[in-house]
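# Architecture and fold: a report
Chain by chain, the residues run as shown.
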2 protein chains.
Amino acid sequence: MTENTPVDITALMQAIGTDARDAAAVLASAPAATKARALTAAAAALRGSVPAVLDANARDLDYGREKGLTDAMMDRLVLDEDRIEAIAVGMEAVAASPDPVGEVIAEWDRPSGLHIRRVRTPLGVIGVIYESRPNVTADAGALCLKSGNAAILRGGSESFHSATVIHAALLTGLREAGLPDAAIQLVPTRDRAAVSALLGGLGGTVDVIVPRGGRGLVERVQTDARVPVFAHLEGICHLYIDAAADRDMAVKIAVNAKMRRTGICGAAECLLFDRAAPDAVGPVVAALIASGCEVRGDADVQAAAPGVVSADAEDFGREFLDTVIAAKMVDGVAGAIDHIREYGSSHTECIVTEDDGAAAEFFARVDSAILMRNTSTQFADGGEFGMGAEIGIATGKMHARGPIGAEQLTSFKYLVESKGAVRG
Amino acid sequence: MTENTPVDITALMQAIGTDARDAAAVLASAPAATKARALTAAAAALRGSVPAVLDANARDLDYGREKGLTDAMMDRLVLDEDRIEAIAVGMEAVAASPDPVGEVIAEWDRPSGLHIRRVRTPLGVIGVIYESRPNVTADAGALCLKSGNAAILRGGSESFHSATVIHAALLTGLREAGLPDAAIQLVPTRDRAAVSALLGGLGGTVDVIVPRGGRGLVERVQTDARVPVFAHLEGICHLYIDAAADRDMAVKIAVNAKMRRTGICGAAECLLFDRAAPDAVGPVVAALIASGCEVRGDADVQAAAPGVVSADAEDFGREFLDTVIAAKMVDGVAGAIDHIREYGSSHTECIVTEDDGAAAEFFARVDSAILMRNTSTQFADGGEFGMGAEIGIATGKMHARGPIGAEQLTSFKYLVESKGAVRG
């Protein structure tokens, strides 16, 4: 089938769902070595098809130029030999990571004679909806396979050809390992009706959907999905500089948290200064401005440091994803917590302080997926957490929270054994 | 307010939701000792109000008789001094159990200098919708409080007065411990519009709903809820007697799994016999019939044992909750797995076998919340698992699965510390 074949999208997607469900039943008890073999074979197949990937990517880039994609989108779309090698290395890294399925999470005995184990199981079928980055095809496919889940991948229309060739490498790996093709399916059409069908859950066959992309995509998925969604809408990360902060550390962390990469969800978007330490404001603001950042502060921050422009009300609780940061004076850690509760997005917040009590209060009372002390918010990342790859970051509290690696794509079941115990 | 006061249900429920959200913020960082003190004080208050509870219960029983409740429903509704004492003891048991909030689930270091902890946090606000058992007011309120969650309890109209008096004891406990009244709220009206409002999530304030009751209630909640639901619709528990089963053990387990209590979700509803061992059928069937059970078998089971009546197609995948069991011959463990996949409800299934390979295959390939070997399915219960109390049993794969105790009512967050680490 090519992207131009007329198809009955509903029937196509339903068949994909049914095939995924069947494949998931096989994957659930597939040995760890078999899944790892599929991934290493897929990496090898990808390395063997570099010319085909580059050719497919060139077609996508032509399409992107026609569609008038922004430079940033074109950059996300483009593949070269280095990026293809990085994708292959990523698949091998997932292959080499610990297999979560069957892991005994807890184990105990009961006076009744029961021995109880709680073991990890796959979730089932995972739908992944993403945008222009072709590498998501490999990352998401690999993580789902590692965790014993069948994947239904729906890439952006602009990366259609690149994703198709990368998916072909995954298929080669599945076949070499004797696993079903339907373990990792790529929706073979650009038709947007396929997304609607996937969000509907394909007749109960899809267990969870992970959107990977900008706010518009995530918002649509969260609104329309009829199945659970692992996602974050925004990363409005706060950096609170306590009166007991090490001043040099505060400067270093603020610049890194905001400026290392401004376009990622772990970038700091709002600085909160402790009113008890106005002297901390100047050096932080000066360093940010020197690094090319615009600082938009309230009247107190403007009074405490030169070069601060006036913040609008909408600048608080805003995800700039740019060289801009909001700044405000608050009444100590309690004031910071109140501000974050009102404006935060439950993603990542950091306190800079040498005061253990202030840090403990911040950790206890702020309810975001990731809380940090004396650490750049840019570390909010599955790789930096040691999870190998990540499929996204979730800010909900149900099931997965924070970086979503293979372990977060699992559920569990109880295995109970005894020597004929009956209940009295 | 009494149950006859005319009220704006939408406004009432929204206020309950907002108060619950505010209380949840306090509970999230309430010390374990404070929560435990509230529960022991509530138990004492309940013991001090036995006459008031009995009086309220008498009013509910009058109402139940007027409504023509069945004997079984009346039995669930009735309280006496022993049952009230058991409720108080239950609250004390939850008080004495380990506090899950703040527990470090995992902890590790990264080469970047980050120290990462994953710690348990409350979910937030939990709605509990139940039927006639007044003790659920105490059990659910206690478990939600223990896990740091605010509870919104909506009991059945038939237990309205009993629930109100038990809730008053919980309130006394909350006040003695200095916790907000809104930590455990009982919906103060019998109006069914309150249930609809709760299922709608009260403007985003309710994080999860737990229904506790019959299939009709659970089905309605699962269909109408706009927030996640922890529940099981049915417990269609299968008992597979493998050719390698110890014959005496098979008899003992079959009788206990079916007949100990036929009305609970862990009662066995279907017997699967291995075609390779027709000799196992007779003793099991004879013992069941002798214990007062009707056995409805397929032609093969009827041929293998006397006294078996003919099963209809609908008897498979059916939750009898009565002294009836379906029975079928299957082709070994693979046949049992196929049958369970088609007819099971993902609750609890058991294999009786001395063959480790057959047990391993059953454990790996059946995806129910609880799998057992050589053990009565009647052990499918939070108390028997050692969780203290349980608020229900979940068969979904998202978040909670199996018996839902205090730990299953928690989420987690990451606490990250370093000495000023910035990302390269």
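None of these values were measured; they are calculated from a predicted model. (Residues numbered from 1 in each chain as written. Chains lettered and ligands numbered in written order. Predicted model: local features only at pLDDT ≥ 70, side-chain atom pairs only at ≥ 80, totals over all residues.)

## Notes on the overall build of chain A
Along its length, chain A carries 14 helices and 16 strands. The C-alpha atoms of chain A give 24 Å as radius of gyration, which agrees with the globular expectation for 424 residues (22 Å, within 12%). Viewed in the frame of its principal axes, chain A has a C-alpha envelope of about 70 × 65 × 35 Å. Considering chain A as a whole, with its 424 residues, one finds that 56% of them fall into the buried category. For chain A, long-range pairs separated by at least 24 residues make up 73% of all intrachain contacts whose partners lie at least 6 apart in sequence. (Helix = DSSP H or I, 4+ residues; strand = E, 2+ residues; numbered from the N terminus. Rg over C-alpha atoms; globule rule 2.2 N^0.38 Å. Buried ≥ 20, exposed ≤ 12 C-beta atoms within 10 Å, placed from the backbone. Contact = placed C-beta atoms within 7 Å.)

## Points about the pairing of strand β11 (residues 324–330) of chain B
Residues and elements named next belong to chain B. Of all 7 residues making up β11, 6 are buried, and the element is well covered by its neighbours. With 5 bridges connecting them, strand β8 (residues 268–274) and β11 associate as parallel partners. In the sheet register, Leu-271 faces β11, and the bridge partner there is Ala-327. (Pairing = 2+ DSSP bridges.)

## Here we look at the interface of chain A and chain B
The interface of chain A with chain B comprises 53 residues on the first partner and 53 residues on the second. Secondary structure elements with two or more residues in the side of chain A that touches chain B: β2 (115–122), α10 (247–259), α14 (356–365), β13 (370–375) and β16 (410–421) of chain A. Here the side of chain A that touches chain B is built from residues that sort into 23 nonpolar, 16 polar and 14 charged. Here β13(A) runs beside strand β16 (residues 410–421) of chain B; their pairing, made up of 5 bridges, is parallel. Bridge assignment links Ile370(A) to a residue of β16(B), and that residue is Tyr414(B). (Nonpolar A, V, L, I, M, F, W, Y, C, P; charged D, E, K, R; others polar.)

## Description of the relation of the copies chain A and chain B
If you rotate chain A by 180 degrees and push it 0.0 Å along the axis, it lands on chain B with an RMSD of 0.1 Å. Taken together, the rotation and translation describe the operation of a two-fold axis. Minimal C-alpha distance to the rotation axis in chain A is attained by His399(A), lying at 2.1 Å. Taken together, the interface assignments show that 100% of the residues at the interface of chain A recur at the interface of chain B, consistent with an identical surface on both copies. (Least-squares fit on C-alpha atoms with pLDDT ≥ 70 in both.)

## Notes on the environment of Gly292(A)
Position of Gly292(A) among the secondary structure elements: in the loop between α11 (281–290) and β9 (294–297). Each C-alpha atom of the pair Gly292(A) and Thr323(A) lies 6.8 Å from the other, and the pair is 31 residues apart in sequence.

## What about the sheet that holds strand β3 (residues 125–130) of chain B?
Residue and element names in this part refer to chain B. Taking strand neighbours across the sheet as the criterion, the 4 strands line up as β5-β4-β3-β6 in an open arrangement whose pairing is parallel. Looking at strand neighbours, the two that pair on one side only are β5 (184–186) and β6 (208–212), the edges of this open sheet. The sheet shows a mean angle of 20 degrees between the axes of neighbouring strands, direction not considered. Two strands pair when backbone bridges link them, and β3 and β6 are joined in this way by 5 bridges, in the parallel orientation. By the bridge assignment, Ile-126 is partnered in β6 with Val-208. Sheet strands touched by helix α1 (residues 9–27): β3, β4 (150–154) and β5. Its angle to β4, the strand with the most contacts, is close to 145 degrees. Across the sheet, helix α6 (residues 135–146) touches β3, β4, β5 and β6, and the angle it forms with β4 is around 165 degrees. (Axes fitted to C-alpha atoms, helices over the stretch in contact; angles between N-to-C directions.)

## Details of the sheet that holds strand β12 (residues 348–352) of chain B
Within the open sheet, the 10 strands sit side by side as β1(A)-β2(A)-β16(A)-β13(B)-β12(B)-β7(B)-β8(B)-β11(B)-β9(B)-β10(B). Their pairing is mixed. Bordering the open sheet on either side are β1 (104–109) of chain A together with β10 (309–310) of chain B, each of which pairs with just one other strand. Set on the sheet, helix α13 (residues 332–343) of chain B makes contact with β7 (237–241), β8, β11 and β12 of chain B; between it and β11(B) the angle comes to about 130 degrees.

## Describing the confidence of the model for chain A
Per-residue pLDDT for chain A averages 95, and the proportion of residues at 70 or more is 99%. Both scores are given for the predicted complex: the pTM is 0.93, the ipTM 0.94. (pLDDT = per-residue confidence, 0-100.)

## Notes on unusual backbone geometry
Even without being glycine, Ser346(A) reaches a positive phi, approximately 65 degrees. Secondary-structure assignment places Ser346(A) in the loop between α13 (332–343) and β12 (348–352). Ser346(A) sits in the buried class, given 23 other C-beta atoms within 10 Å. Look at Leu321(B): it is not a glycine, yet its phi comes out positive at around 50 degrees. Note that Leu321(B) resides in the loop between β10 and β11.

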